[in-house]
Amino acid sequence: MTSTGKADLPPFFGLNPEKAAKALGEPVDTARFAKAATFAARGREELARNGHAPDGHKRLRLFSTWEVCRYLIPVNPAHFRRVLKANPELPQGKGDGNSKWFSLEEVMALRDHFATEGAKDREYRPWRPEGLDAKILAVANFKGGVGKTSTCAHLAMSAALDGYRVLVVDLDSQGSLTSIMGGKVEDEWQTAFPLLARDFATHVESENRVREAAGQPPLPLDETLTEALKVSPRNLIQRTHWPNIDLLGAQLNLYWAEFQVPVWRMQERSWPLWDALTNGLSDTGLLQDYDLVFIDTPPALGYLTINALAAADILLIPLGASFLEFDSTGRFFDMLYSTFASIEDGENRVRARDGLPEVRFEWDAVRTLITRFDAAQQTELATVIHAYFGDLMTTFRQEVTAMVGQAGEQVNGIYEADYREFNRDTYVRGRETFDRTWAEVKELILGAWWRDLQVAREEGATDDA
């Protein structure tokens, strides 16, 4: 009410068109976008430098004795100190008295010692069967803002802290995962783009050998394809501030792949474009160098995402506990079905004609997981969502905490945050939300590896027979 007793009108009444025109400013042309992008790039570098060392490079913090014994190596702190005292050749940490701090490299060395000399019933190193490839996990959803990149980054860090060798692949041209991992990517030739180009170029070379034998003219290889053949996937991978996490990064020009891949496919319809990333990771032995590969995908079901999903053994789909995100995720499943079923149908018609075995897409596991969960307001809807998705849903709901928000503002994962910046209980609750998610995902990985191991043993026994 105003002083005259009349109700205030809403703010969208009484606007003056002439005054609005004066406030509007000059029309915006494309050059203004370039200026905005330049300012944003400067700001991005400044903000990304928060939490970095003075030279602009990220460094992983040290871990205290309390953290090492609680989260990284299952050993009593008193026994831990006795072992260090009895073995001066082991990393002794930094600091005075009982308050020692260790780098992750030192933790890994200590973990190896305990795995060799410690109690036989303790899990000092995570299980990983010998002779099998790394497991590939893709994190995908075509709705943005569901915690996709955060989930991918934290799962990679969880796995690294657990002792696994990890490769993270950023397929989102926004490059958020690359920023979290401290990566520097100058152009598309330092992204996954050359892997896709290389796969197509290799396919063209194979086709040309057939055409040559048939007396037909060869298909052309342009400059891009010729250059791609010179690229080794190993040269695209960069080290990160985590000793056991490597990165294949992304930047804006990676989006060009969404336009180029269909052009290549139209030029050569027999090219299985969905296998390009799989081939790039597997053909050069990368899947033997790592234990786990985590792929962050764009918020769209484009050609990059299709490659990620086709390469994946396990598919993780984050969503918030809201109607719109539930609805969007349901439509995402519908698009997954129509896309991959269409590929199977089209390919298998040709294969049946040529007497070749059928193509069939299959994943070890697919799970949706609720992120940014607020138990006070979203429990009822989350329960409904769980009922509809059933066995495609993880049990644990990833709660939102102040610690998660603060770490995100500093372009860090929560595992990179120093617990002394928080109340210890806040830290324990904050990391528990990702520890429990990792526990469920790790169980999927171990189960898939175990199943693969039994199949390999059975095939070996069959071969021996």
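Use the structure listed above.
Model, not experiment: these values are computed from the prediction. Going along each chain's sequence as written, the residues are numbered from 1 onward. Reporting of local features is limited, given that this is a predicted model, to residues whose pLDDT is at least 70; pairs of side-chain atoms are given and counted only at 80 or more, and all residues count toward the totals for whole chains, interfaces and linings. Excluded from the side-chain calculations are hydrogens and water; all other atoms, namely the structure's heavy atoms, are used.

K.L.:
Where do I start with the overall build of the protein chain in this structure?
P.N.:
Helix and strand assignments follow DSSP, with helices taken as H or I runs no shorter than four residues and strands as E runs no shorter than two, numbered in order from the N terminus. Looking only at helices and strands, the protein chain has 18 helices and 9 strands in total. Summarising the internal contacts of the protein chain: among those between residues at least 6 apart in sequence, 78% fall at separations of at least 24. Just so you have it, the protein chain exposes about 24800 Å², and 52% of that area is on carbon and sulfur atoms. Note on contacts: a residue pair qualifies if any of its non-hydrogen atoms lie within 4.5 Å across the two residues. To be clear on the numbers: accessible area is Shrake-Rupley with a 1.4 Å probe, and residue cover counts the displayed protein chains and nothing else.

K.L.:
Help me out: how do you make sense of the nonpolar core in this one?
P.N.:
Grouped burial of nonpolar side chains is what soluble globular proteins tend to show. Trp 264 and Ile 295 are the most contacted members of the largest nonpolar core, which totals 63 residues. Here this core takes 7 residues from helix α8 (residues 193-213), the largest share from any one element. Side-chain atoms within 4.5 Å link the members of a nonpolar core, which is a set of buried Ala, Val, Leu, Ile, Met, Phe, Trp, Tyr and Cys residues. Exposure classes here rest on a 1.4 Å probe applied to the protein chains alone. A residue is buried below 20% of its type maximum, exposed above 50%, and partly exposed in between. If you look at the next biggest cluster of nonpolar residues, it comprises 52 residues, including Val 83, Leu 90, Val 107 and Ala 156.

K.L.:
Explanation requested: the packing of aromatic side chains in the structure shown.
P.N.:
Geometry of an aromatic ring pair is reported as the spacing of the ring centres plus the angle between the planes. Only Phe, Tyr and Trp rings are paired, with Trp represented by its six-membered ring, and only when their centres lie within 6.5 Å; those with planes under 30 degrees apart are stacked, over 60 edge-to-face, the remainder tilted. Applying the stated rule across the entire model yields 25 aromatic pairs. Note on Phe 80 and Phe 114: the rings are 6.2 Å apart at their centroids and 15 degrees apart in plane angle, and the pair reads as stacked. On the criterion of sequence distance, the pair formed by Phe 80 in helix α4 (residues 77-86) and Phe 114 in helix α5 (residues 104-117) is long-range, its members being 34 residues apart. What makes Phe 114 buried here is its relative accessible area of 2%. Summarising the aromatic geometry, the rings of Phe 361 and Trp 363 are spaced 6.5 Å apart at their centres and angled 20 degrees between planes, so their arrangement reads as stacked. Residue class for Phe 361 comes out buried when judged on its relative accessible area of 14%. Counting as a charge over the ring demands two things of the Lys NZ or Arg CZ atom: a distance within 6 Å of the ring centre and an angle within 35 degrees of the ring normal. The ring of Trp 66 has Arg 424 sitting right over it, with the charged end atom 4.1 Å from the ring centre. A cation sits over an aromatic face here: Arg 431 above Tyr 71, 3.6 Å from the ring centre.

K.L.:
What is the right way to read the sheet that holds strand β3 (residues 135-139) from this model?
P.N.:
To summarise the sheet geometry, strands pair through backbone hydrogen bonds and adopt either a parallel or an antiparallel arrangement. Whether two strands pair depends on DSSP finding at least two bridges between them. Here 7 strands make up an open sheet; going across it, the order is β5-β6-β4-β7-β3-β8-β9 and the pairing mixed. Every interior strand has two partners, whereas the edge strands, β5 (238-239) and β9 (365-371), have only one. Across 5 bridges, β3 lies against strand β7 (residues 292-296) in parallel orientation. Its bridge partner being in β7, Val 139 is matched across the sheet by Asp 296.

K.L.:
Whenever I open this one, the packing of helix α15 (residues 323-354) against helix α16 (residues 375-389) confuses me. Can you help?
P.N.:
Helix-helix packing is described using two parameters, namely the angle between the two axes and the distance between the axes. Lines fitted to C-alpha atoms define the axes here, with helix axes fitted over just the stretch in contact, and angles between the N-to-C directions of these axes take values from 0 to 180 degrees. For the pair α15 and α16, interaxial distance at closest approach is 11 Å and the crossing angle is 15 degrees. Here α15 lies roughly parallel to α16, going by the angle between them. Judged by the twist between their axes, the crossing of α15 over α16 is right-handed. Within the contact between the two elements, α15 uses Phe 323, Phe 326, Thr 329, Gly 330 and Phe 333 and α16 uses Leu 381, Ile 385, Tyr 388 and Phe 389. Class assignment of the residues belonging to the contact of α15 with α16 gives a composition of 7 nonpolar, 2 polar and no charged. Put simply, angles under 35 degrees are roughly parallel, angles over 145 are roughly antiparallel, angles from 65 to 115 are roughly perpendicular, and the rest are oblique. By convention, the crossing between two helices is left-handed when the near helix turns anticlockwise from the far helix through less than a right angle, and right-handed when the turn is clockwise. Classes in brief: Ala, Val, Leu, Ile, Met, Phe, Trp, Tyr, Cys and Pro nonpolar; Asp, Glu, Lys and Arg charged; the others, Gly included, polar.

K.L.:
Please explain the pairing of strand β6 (residues 245-248) as it appears in this structure.
P.N.:
Every regular strand shows the same layout, with side chains that alternate between the two sheet faces. Burial of β6 is two-sided: the residues Ile 245 and Leu 247 facing one way and the residues Asp 246 and Leu 248 facing the other way are all buried. In this sheet, β6 lies alongside strand β4 (residues 166-170) in parallel orientation, the contact comprising 4 bridges. Residue pairing in the sheet places Leu 167 in a bridge with Asp 246 of β6. Between the end of β5 and the start of β6, which pair antiparallel, lie 5 residues.

K.L.:
Would you mind going over the pattern of salt bridges with me for this structure?
P.N.:
Once their charged atoms are close, side chains differing in charge can pair, the charge on each being opposite to the other. Definition used for salt bridges: Asp or Glu carboxyl oxygen within 4 Å of a side-chain nitrogen of Lys or Arg. One pass over the full model with this rule turns up 22 salt bridges. For Arg 239, the salt bridge is made with Asp 246, and the minimal N-O distance between the two is 3.4 Å. Here Arg 239 falls in the exposed class, since its relative accessible area comes to 61%. One connected set of salt bridges, linked through shared partners, spans Lys 135, Asp 364, Arg 451 and Asp 452.

K.L.:
Would you take a moment to explain the packing of helix α3 (residues 65-72) against α4 for this structure?
P.N.:
Close contact between α3 and α4 brings their axes to 10 Å; oriented N to C, the two are set at 115 degrees. Compared by their axis directions, α3 and α4 come out roughly perpendicular. Once α3 is placed against α4, the crossing between them reads as right-handed. Contacts from Thr 65, Val 68 and Cys 69 in α3 reach Pro 77, Phe 80 and Arg 81 in α4. In the contact of α3 with α4, the residues fall into 4 nonpolar, 1 polar and 1 charged.

K.L.:
Looking at this model, I keep getting lost on the pairing of β7. Mind explaining?
P.N.:
Extensive coverage of β7 is indicated by the burial of 5 of its 5 residues. Because side chains alternate across β7, one face comprises the buried residues Leu 292, Phe 294 and Asp 296, and the other comprises Val 293 and Ile 295, equally buried. Summarising the sheet, β4 and β7 pair through 5 bridges and their orientation is parallel. Along β7, the bridge assignment pairs Val 168 with Phe 294.

Take it as geometry only, folks, not as evidence of what the structure does.
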